[in-house]
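Tertiary structure, described
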Amino acid sequence: MSQATWIPGGLFDNIDKFANSLGYQNAAIALELAMVPWKSPEERDAFIMGITGDDVQGGTEKNYAIKQLGR
Amino acid sequence: MASGGKRPGAPQNNPANVSATGGAGQMGSQAARYIPGGKYGDGKALMEQQMGASMAKAPSPVSPRSLSDMAMPSVGTLMDPTNNPSEPISAGSDFGRGVDSSALPKGLGNNTRPDENQLIIQQYMPDLVYAASSENAPDSFKRFVNYLAGKQ
């Protein structure tokens, strides 16, 4: 079975960031915002920080890099 | 042959000869006319009144304007700066800065989010579980999917 693609700025990465930043109870909003075609992860993170006034929550891209290096 | 004088058969003297368009009217330049039959002094007063007050001119026609001709502000995009900088962008929502949803008018308080959440969970849960089972999936994403699974 193939693995889901986890890349910074990908759909699942966006879901992870929005769901953990906005709160699980806002899952519907998080999923809709995750589907927005953000120009870059930086733009997405700036949007999250703008509406929450806090740092972006969720897994970091470092995790993905470590996993990729470990392959 | 006699010339001049009123000719009863001329077109302008035929009572049946009526302009179909009604004529152009006087357009505010109607001359003052003495109106007999009033009391002594009324005739002069009426003459002065007619000469003093000019006839109202017909209003100039106003061409109908369509909505596209009106100066409407552009809608903008999601990333444009706010038009209301004194209010946090998250005001009225249950996250971020500003007041929460309890400050919204009562008409907006009908929260359908649980139903919306449930619908989305049902729709996307297979894909989310698939993504969470990936070896690259971060723990935060797995916790989120577990939360959604517990809500089903």
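Here's what I pulled together on the structure shown here. (Residues numbered from 1 in each chain as written. Chains lettered and ligands numbered in written order. Predicted model: local features only at pLDDT ≥ 70, side-chain atom pairs only at ≥ 80, totals over all residues.)

**Description of the nonpolar core**
Counting residues in each nonpolar core, the largest one holds 21 residues, and the members touching the most others are Ile 15, Phe 18, Ala 19 and Ala 30 of chain A together with Ala 132, Phe 141 and Val 145 of chain B. Where this core is concerned, the elements lending two or more residues are α1 (11-22), α2 (27-34) and α3 (41-52) of chain A together with α2 (113-132) and α3 (139-151) of chain B. Filtering out sequence-adjacent residues up to four positions away, Ile 15 of chain A remains in contact with Ala 30, Leu 31 and Ala 34 of chain A. (Core = buried A, V, L, I, M, F, W, Y, C linked by C-beta atoms within 7 Å. Buried ≥ 20, exposed ≤ 12 C-beta atoms within 10 Å, placed from the backbone. Helix = DSSP H or I, 4+ residues; strand = E, 2+ residues; numbered from the N terminus. Contact = placed C-beta atoms within 7 Å.)

**Focus on the packing of α1 of chain A against α3 of chain B**
One can describe the packing of α1 of chain A onto α3 of chain B by two numbers: an axis separation of 9 Å at closest approach and a directional angle of 70°. Comparing the axis directions of α1 of chain A and α3 of chain B gives the class roughly perpendicular. Residue-level contacts link Phe 12, Asp 16, Ala 19 and Asn 20 of chain A of α1 of chain A to Ser 140, Phe 141 and Phe 144 of chain B of α3 of chain B. For the contact of α1 of chain A with α3 of chain B, the per-class residue count stands at 4 nonpolar, 2 polar and 1 charged. (Axes fitted to C-alpha atoms, helices over the stretch in contact; angles between N-to-C directions. Parallel < 35°, antiparallel > 145°, perpendicular 65-115°, else oblique. Nonpolar A, V, L, I, M, F, W, Y, C, P; charged D, E, K, R; others polar.)

**Side note on the interface of chain A and chain B**
Between chain A and chain B, the residue contacts involve 23 residues of the former and 25 residues of the latter. Of all the secondary structure elements, the ones that give two or more residues to the side of chain A that touches chain B are α1, α2, α3 and α4 (61-69) of chain A. A per-element tally of the side of chain A that touches chain B places α1 of chain A first, with 5 residues. Residue composition of the side of chain A that touches chain B, by class: 11 nonpolar, 10 polar and 2 charged.

That is the geometry; function is a separate question.
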